[in-house]
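# Residue-level structure breakdown
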Amino acid sequence: MFDIFMGGIVCFMVSTISTIKKHVNPLVYLVLLLMLSWFSTGISVANAEKQVDLYTHTQLVLDQSENLRLQAMRSGLASVFVRVTGDAQSIKQTAVVQALSKPSAYVSQYRYRTTDEVITIAGASRPAQELWLQFSESAIQRVLQAAQLPVWSDIRPEILLWVAADESGKRILGSGSTPINAFKRTAEIRGLPLAMPLLDLTDRQELTSTRLWARDERAINRASARYGADGVLAGRIVSVSAAQLRGNFVLIYNGRSYGVDVDGDNAAVVVKKVMDQVVNVLAKANAVVVSSDGAFASHLAIGVDNVFDFSAYSELLESLRNLSTVSHVMLKKVNHSHLLIDLRYQGDDTRLRQQLSSLPILQSIPVEQFVEKPNQETAQAYLDSGNYFWNSGMFLF
């Protein structure tokens, strides 16, 4: 039994249930959860994904003049486009450039409020006001759809952050340090939820500063397991000269490891470059380009039994990723030798089914019979027998 949580805006849902009789001792069973949504409604199963605010922006301004307001709107709109697409280069696309030329057309509301902040100009500090902007989600998504740019939903993977630095000896940094604060600010700008370890005795026993410095993935995974995050970003920031820092990190996500190595003249620059690469990886795995005719993004969740070792696990994921119709593969849940895997695919699901059935690693189950909307007595008998799969078709309008 799985708990399925669907992100996105849903106006109406109709669910139909069918049953598929299963064979004895199957290797693999397929549970079809076909999600039809205007912009890729996400599926997350018992994980740490978080909902983030993508369409608001705040900025300090000197006054409430129209000129400064338009500048802030243009800056805020650019930030929103980058956050929604996950692509910092999206603001160079023609359609986005045109939108940025008329930023007020994409603002649904704004307001000012007083703050204790100041803006320093030419060495002089002047009191600032905060301008809060709310941008139109539908208007922005229409631009992205027309330009065939990716849309990343507001349900985002949570990333656990471990950072070591050479500050009076190699040590793991906690909240309040300059690099950690820079990571938090950059993650908020890019719409990425970050989680921080407690750095308690358990953490320090599982992951020493030396092991983190070496990016020991086994120790990193062991220490991170207690937090249940969707991914882990771990590494070090080290001085390579009086004027240069280097960041060496590893992103562990969706069963893969990605090396992230950057240089910069200060911690903020290093952190920004690290986060740019991290967000690019996550956006490619989760953002979806919606066709100009409004074609729906489709998901298929498959359950796989009897995966007993890492070799079988790796072969399975690689086989699924190599399918021409599959654009994204994500491991959603592991329960002993059972895996739940989310596939995002393009086109008709018939082609995907054919490809799945042809994979040597998968032993497909022939369907003996479909029973559409069984009555209560029949449905209860199916449940009691334990010999049936339930196929839920979710339709969103």
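Because the structure is a prediction, the values reported are computed rather than measured.

Next up on the list: the pattern of salt bridges. This model, assessed by the stated rule, comprises 10 salt bridges. Taking the shortest distance from any N to any O, the salt bridge between Glu-130 and Arg-113 comes out at 2.4 Å. With Glu-130 in strand S9 (residues 124-135) and Arg-113 in strand S8 (residues 107-121), this pair connects stretches of sequence that are 17 residues apart. Here Asp-261 makes a salt bridge to Arg-215, at a shortest N to O gap of 3.3 Å. Of the two residues, Asp-261 is situated in strand S16 (residues 256-264) and Arg-215 in the loop between helix H6 (209-213) and helix H7 (217-224); the sequence distance between them amounts to 46 residues. Its relative accessible area of 45% is what places Asp-261 among the partly exposed residues. A relative accessible area of 27% places Arg-215 in the partly exposed class.

Below, the discussion takes up the packing of aromatic side chains. This model, assessed by the stated rule, comprises three aromatic pairs. Ring geometry for Tyr-110 versus Tyr-112: centroids 6.2 Å apart, planes at 85°, classification edge-to-face. The ring of Trp-132 has Arg-111 lying over it, and the distance from NZ or CZ to the ring centre is 3.9 Å. It is Arg-156 that lies over the ring of Trp-152; its NZ or CZ is 3.8 Å from the centre.

For residues that are not glycine, phi is negative in most cases, and the peptide bond is trans in most cases. Its identity is not glycine, yet Ala-122 carries a phi of approximately 50°, on the positive side. By the element assignment, Ala-122 lies in the loop between S8 and S9. Within the chain, Leu-199 stands out as a residue other than glycine whose phi angle is a positive 60°. Topologically, Leu-199 is positioned in the loop between strand S13 (194-195) and helix H5 (201-206).

Ranked by size, the top nonpolar core spans 33 residues in total, and within it Phe-183, Leu-233 and Val-274 carry the most contacts. Mapped onto this core, the elements with two or more residues apiece are strand S11 (159-166), helix H4 (178-190), strand S14 (231-241), strand S15 (244-253), S16 and helix H8 (267-286). The element best represented in this core is H8, accounting for 11 residues. Val-274 has contacts with Phe-183, Leu-233, Phe-249, Val-260 and Val-262, leaving out every residue within four places of it along the chain. Counting residues in each nonpolar core, the second largest holds 26 residues, with Met-73, Val-80, Val-96 and Tyr-112 among its members.

Any region with low pLDDT has predicted coordinates that should not be read closely. For the protein chain, per-residue confidence averages 81 on the pLDDT scale, and residues scoring 70 or more make up 79% of the total. In the predicted structure, residues 393-397 sits below a pLDDT of 50 and forms 21 contacts with residues beyond four places in sequence or in another chain.

Attention shifts here to helix H1 (residues 66-85). Between its first and last C-alpha atoms H1 spans 28 Å; for 20 residues at 1.5 Å apiece the expected length is 28 Å, and the two agree. One or two steps after H1, the chain reaches Gly-86, where phi turns positive at roughly 75°.

With respect to the secondary-structure elements, Gln-205 resides in helix H5. Looking at Gln-205, the relative accessible area reads 58%, which means it is exposed. Sequence separation between Gln-205 and Ala-223 is 18 residues; the distance between their C-alpha atoms is 8.4 Å.

Before going further, it helps to examine the environment of Gln-277. If you trace the backbone, Gln-277 turns up in helix H8. Taking the C-alpha atoms as reference points, Gln-277 and Val-262, 15 residues apart in sequence, are found 9.5 Å from one another. Apart from residues lying up to four places away in sequence, Gln-277 is in contact with Gly-259, Val-260, Asp-261 and Val-262.

So, about the sheet that holds S9. Backbone-to-backbone hydrogen bonds pair the strands of a sheet. The strands run either parallel or antiparallel. Spatial ordering of the open sheet is given by S7-S9-S8, a layout of three strands whose pairing is antiparallel. The two strands at the open ends of the sheet, each matched to only one other strand, are strand S7 (56-61) and S8. Each adjacent strand pair in this sheet contributes to an overall mean axis angle of 20°, direction not counted. Here S7 pairs with S9 via six bridges, running antiparallel. The partner of Leu-60 across the bridge, within S9, is Glu-130. On top of the sheet, H1 reaches S7, S8 and S9; it is set at about 145° to S7, its chief contact.

Turning next to the packing of H1 against helix H3 (residues 137-146). Two elements in contact, H1 and H3, have axes whose closest approach is 11 Å; the angle formed by their N-to-C orientations is 65°. The element H1 and its partner H3 pack so that their crossing is right-handed. Judged by residue contacts, Leu-77, Val-80, Phe-81, Val-84 and Thr-85 of H1 engage Ile-140, Val-143 and Leu-144 from H3. Across the contact of H1 with H3, the residue classes break down as seven nonpolar, one polar and no charged.

Attention shifts here to the side chain of Ser-224. Here Ser-224 shows up in helix H7. A relative accessible area of 5% places Ser-224 in the buried class. With residues near it in sequence (within four places) discarded, Ser-224 still touches Leu-160, Trp-162 and Val-232.

Cut-offs used in this document
Residues numbered from 1 in each chain as written. Predicted model: local features only at pLDDT ≥ 70, side-chain atom pairs only at ≥ 80, totals over all residues. Heavy atoms only, no water. Salt bridge = Lys/Arg side-chain N within 4 Å of Asp/Glu carboxyl O. Helix = DSSP H or I, 4+ residues; strand = E, 2+ residues; numbered from the N terminus. Buried < 20%, exposed > 50% of the residue type's maximum accessible area, 1.4 Å probe, protein only. Phe/Tyr/Trp six-rings, centres within 6.5 Å; stacked < 30°, edge-to-face > 60°. Lys NZ or Arg CZ within 6 Å of the ring centre and 35° of its normal. Core = buried A, V, L, I, M, F, W, Y, C linked by side-chain atoms within 4.5 Å. Contact = heavy atoms within 4.5 Å. pLDDT = per-residue confidence, 0-100. Expected span 1.5 Å × (residues − 1). Pairing = 2+ DSSP bridges. Axes fitted to C-alpha atoms, helices over the stretch in contact; angles between N-to-C directions. Left-handed = near helix turned anticlockwise from the far one by under 90°. Nonpolar A, V, L, I, M, F, W, Y, C, P; charged D, E, K, R; others polar.

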